[in-house]
Amino acid sequence: MSRMIACMVVGVSLLLAGAPVRAHHAFAATYDDTKPLVLKGTVTKVELINPHSWFWLDVKMPDGTVINWGFEGGSPNSLIKNGVTKNTLPVGAEIIVNGYQAKSGENKAVGVNMTFPDGRKLFFGGSAPGAQGPVATPTP
């Protein structure tokens, strides 16, 4: 009897180990879907690192001050699938980013998509609604 229980425990463990972990950094835990934002800025840093990439933009505010914003994106693999590399997003590039602000109120957000001056649009591939591909874009 104990051998059967042991086999069942091992079997269930193997099944659970193969299941994807969806709760890993849930969007709602960190970002606020009631605070969509659209910011235009200049890329200052690109960090294509696991588990989440980060992009940093200098955003010129209406009063002339410049604020550095960080945007979380998906893993490097998901970004590459969406066409985002260090070559397609070089430091100094001007882009418009759609995303959702962090609940903490910091100058951080999760990116949904980025639009280049020539109209090209790439997706951040992260946890934000729409970051995996063409769907509705958040607007403030």
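Cut-off values and rules
Residues numbered from 1 in each chain as written. Predicted model: local features only at pLDDT ≥ 70, side-chain atom pairs only at ≥ 80, totals over all residues. Heavy atoms only, no water. Helix = DSSP H or I, 4+ residues; strand = E, 2+ residues; numbered from the N terminus. Buried < 20%, exposed > 50% of the residue type's maximum accessible area, 1.4 Å probe, protein only. Contact = heavy atoms within 4.5 Å. Areas by Shrake-Rupley, 256 points an atom, 1.4 Å probe, with all protein chains shown as cover. Phe/Tyr/Trp six-rings, centres within 6.5 Å; stacked < 30°, edge-to-face > 60°. Lys NZ or Arg CZ within 6 Å of the ring centre and 35° of its normal. Polar contact = N/O pair within 3.5 Å; in protein donor to acceptor, adjacent residues only side chain to side chain. Pairing = 2+ DSSP bridges.

(A) Quick look at the overall build of the protein. Counting its secondary structure elements, the protein contains three helices and six strands. Reading the protein from its N end, one meets helices and strands in the order α-α-β-β-β-α-β-β-β. Within the span of the protein, comprising 140 residues, buried residues form 39% of the whole. Partitioning the contacts of the protein with sequence separation of at least 6, the portion at a separation of at least 24 is 54%. Accessible surface for the protein amounts to roughly 8300 Å². Of this, 61% is attributable to carbon and sulfur atoms.

(B) Spatial organisation of the packing of aromatic side chains. This model, assessed by the stated rule, comprises four aromatic pairs. Taking the centre distance of 5.2 Å and the plane angle of 80 degrees together, the rings of Phe55 and Phe124 count as edge-to-face. Of this pair, Phe55 sits in strand S2 (residues 54–60) while Phe124 sits in the segment after strand S6 (121–123), placing them 69 residues apart in sequence. Each member of the pair Phe55 and Phe124 is classed as buried. Between the aromatic rings of Trp69 and Phe71, the centroid separation amounts to 6.3 Å while the plane-to-plane angle is 25 degrees, which identifies the pairing as stacked. Over the aromatic face of Trp54 sits the side chain of Lys108, whose NZ or CZ is 5.6 Å from the ring centroid.

(C) Representation of the environment of Asp32 in the model. Tracing the sequence through the fold places Asp32 in strand S1 (residues 31–47). By relative accessible area, Asp32 is classed as buried at 15%. If we ignore the near neighbours within four places in the chain, the residues touching Asp32 are Tyr100, Gln101 and Lys103. For Asp32, the side chain forms a polar contact with the side chain of Thr34, separated by 2.5 Å.

(D) Region of the structure containing the pairing of S1. Relative to strand S4 (residues 94–102), S1 runs antiparallel, the two sharing eight bridges. Its bridge partner lying in S4, Thr42 is registered against Glu94. When S1 meets S2, the two strands line up antiparallel, connected through five bridges. Within the sheet, the bridge partner assigned to Lys45 lies in S2 and is Trp56. Connecting S1 to the antiparallel partner S2 that follows it, the hairpin turn spans six residues.

(E) Inspection of the environment of Lys81 at higher detail. Within the secondary structure, Lys81 sits in helix H3 (residues 76–81). Along the sequence, Lys81 and Gly125 sit 44 residues apart, while their C-alpha atoms lie 8.4 Å from each other.

Take it as geometry only, folks, not as evidence of what the structure does.
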